[in-house]
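Read off the chains here:
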Amino acid sequence: MVKIAVITHKNLDYDALCSSSSLASYLKKISSQNEVYLILEQNKTIENLYGNIHYYSLEEARRMNFDSIYVCDVNEEDRTYGVELISTVPEHSRYLIDHHDKNRKELDIPVENRTIKPTYSSTCELLTEQIDISILGQATIQNLFMGILSDSACLTRNVSVNTNQMIKKLGLSEEDRLKSIKKVCSLSKEQQELYDRVEPLDLGIDGIK
Ligand SMILES: [Mn+2]
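Below is a summary of the structure that appears in this document. (Residues numbered from 1 in each chain as written. Predicted model: local features only at pLDDT ≥ 70, side-chain atom pairs only at ≥ 80, totals over all residues. Heavy atoms only, no water.)

## So, the sheet that holds strand β4 (residues 94–98)
Strands sit in the order β2-β1-β3-β4-β5 across an open sheet of five strands; the sheet is parallel. Edge positions in the sheet fall to β2 (34–38) and β5 (114–116), since each of these pairs with one other strand and no more. Direction aside, the axes of adjacent strands within the sheet are offset by 15° on average. Here five bridges tie strand β1 (residues 2–7) to β2, and the two strands are oriented parallel to one another. Bridge pairing in β2 links Ala 5 to Tyr 37. Sheet strands in contact with helix α3 (residues 123–130) are β4 and β5, and its direction is about 115° off that of β4. (Pairing = 2+ DSSP bridges. Helix = DSSP H or I, 4+ residues; strand = E, 2+ residues; numbered from the N terminus. Axes fitted to C-alpha atoms, helices over the stretch in contact; angles between N-to-C directions. Contact = heavy atoms within 4.5 Å.)

Below, the structure written as structure tokens:
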């Protein structure tokens, strides 16, 4: 058995959640020898994911011994949930998959084990490219799309031709895409109330007559 930890950043957003949970289910699927533990900070966003996501707290993880560790969507010591677990596994078994370019203190992960693509919208886009998505279940595919949507502000920024190709690769139906868009991009009740209260901006400039 190979005991694998998958971790991500604090203050979970959909890209962090969806990339780490998708990678965890991928690692489970590629070998029956893999015993995979997704380690996440408590966050109510987790309830919005597709499929049954089973995860562990840091307290539980501290009591385990891992053979390898995968870090998703973060390369900063102070933003990583469970950062202390990294030093407990052999250096050559530490992996990073991320899309951020500017970092504070970087994680102690060998350069050859880092997959970082700063031009990508999201870690979910990067994962979609790097792994064999045909072995993933529909819920995981749907989660990968949510991660792409979330980090790209619903495909309005940081997108490229590659983003488009990866969305095509996911192969979701229009209906399924809309379901994810609704989850990620619509305003919450509280946000909508705030939005409705916003007055038109007065720039102090007279309109053109
Ligand atoms: Mn991200």
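Let us keep going from here.
## Quick word on the coordination of the manganese ion
Between any two of four tetrahedral donors, the ideal angle at the metal is 109.5 degrees; between two of six octahedral donors, it is 90 or 180 degrees. Distances from the manganese ion to its protein donors, namely Asp 15 (OD), Asp 73 (OD), His 99 (NE2) and Asp 151 (OD), fall within the range 2.1 to 2.4 Å. Read from N- to C-terminus, the donor residues coordinating the manganese ion fall into the pattern D-x57-D-x25-H-x51-D. Of this pair, Asp 15 sits in helix α1 (residues 14–30) while Asp 151 sits in helix α4 (residues 138–151); the two residues are 136 residues apart in sequence, bridging distant segments of the chain. The exposure class assigned to Asp 151 is buried, which follows from its relative accessible area of 12%. (Donors = N, O, S within 2.8 Å, 3.2 Å for Na, K, Ca; no water. Buried < 20%, exposed > 50% of the residue type's maximum accessible area, 1.4 Å probe, protein only.)

## Description of the nonpolar core
In this structure, Val 6 and Leu 23 are the most contacted members of the largest nonpolar core, which totals 37 residues. Listed by contribution, the elements that provide at least two residues to this core are β1, α1, β2, β3 (68–72), α3, α4 and α5 (161–170). With eight residues, α1 is the largest single contributor of residues to this core. For Val 6, the residues in contact, after removing those within four places along its chain, are Ser 20, Leu 23, Ala 24, Leu 27, Val 36, Tyr 37, Leu 38, Ile 39, Tyr 70 and Cys 72. Counting residues in hydrophobic clusters, the runner-up holds 19 residues, among them Ile 39, Ala 61, Phe 66 and Tyr 81. (Core = buried A, V, L, I, M, F, W, Y, C linked by side-chain atoms within 4.5 Å.)

## With respect to the pattern of salt bridges
Under the defined criterion, the tally for this structure stands at 11 salt bridges. For Arg 62, the salt bridge is made with Glu 59, and the minimal N-O distance between the two is 3.5 Å. With a gap of three residues between them, Arg 62 and Glu 59 both fall in helix α2 (residues 58–62), about one helical turn apart. The shortest N-O distance in the salt bridge between Arg 79 and Glu 76 comes to 3.3 Å. Accessibility expressed as a relative area gives 7% for Glu 76, which makes it buried. Here the salt bridges do not stand alone but share partners, grouping Glu 76, Asp 78, Arg 79 and Arg 104 into one network. (Salt bridge = Lys/Arg side-chain N within 4 Å of Asp/Glu carboxyl O.)

## A short note on the packing of aromatic side chains
Within the structure shown, the criterion is met by three aromatic pairs. Each ring, one from Tyr 37 and one from Phe 66, has its centre 5.8 Å from the other, and the planes form 65°; the classification is edge-to-face. You can see Tyr 37 sitting in strand β2 and its partner Phe 66 sitting in the loop between α2 and β3, a full 29 residues away along the chain. Of the two residues, Tyr 37 and Phe 66, both sit in the buried class. Three or more aromatic residues joined by ring pairs form one cluster here, namely Tyr 37, Tyr 56 and Phe 66. Looking at Lys 183, its charged tip hangs above the ring of Tyr 50, at a distance of 4.1 Å from the centre. (Phe/Tyr/Trp six-rings, centres within 6.5 Å; stacked < 30°, edge-to-face > 60°. Lys NZ or Arg CZ within 6 Å of the ring centre and 35° of its normal.)

## Here we look at the state of the cysteines
Scanning the entire structure with this criterion turns up one disulfide. One disulfide bridge connects Cys 154 with Cys 185, the sulfur atoms lying 1.6 Å from each other. With the S-S bond torsion at -105°, the cross-link from Cys 154 to Cys 185 turns out left-handed. Here Cys 154 is found in the loop between α4 and α5, whereas its partner Cys 185 is found in helix α6 (residues 174–185), with 31 residues between them in sequence. Looking at Cys 154, the relative accessible area reads 26%, which means it is partly exposed. Here Cys 18 stays unpaired: no disulfide links it, and the sulfur of Cys 124, its closest cysteine neighbor, is 5.1 Å away. Relative accessible area serves as the criterion here: at 0%, Cys 18 is assigned to the buried category. Overall, Cys 124 belongs to the buried group, its relative accessible area being 0%. (Disulfide = S-S within 2.5 Å.)

By themselves, these are just geometric observations and shouldn't be taken as functional.
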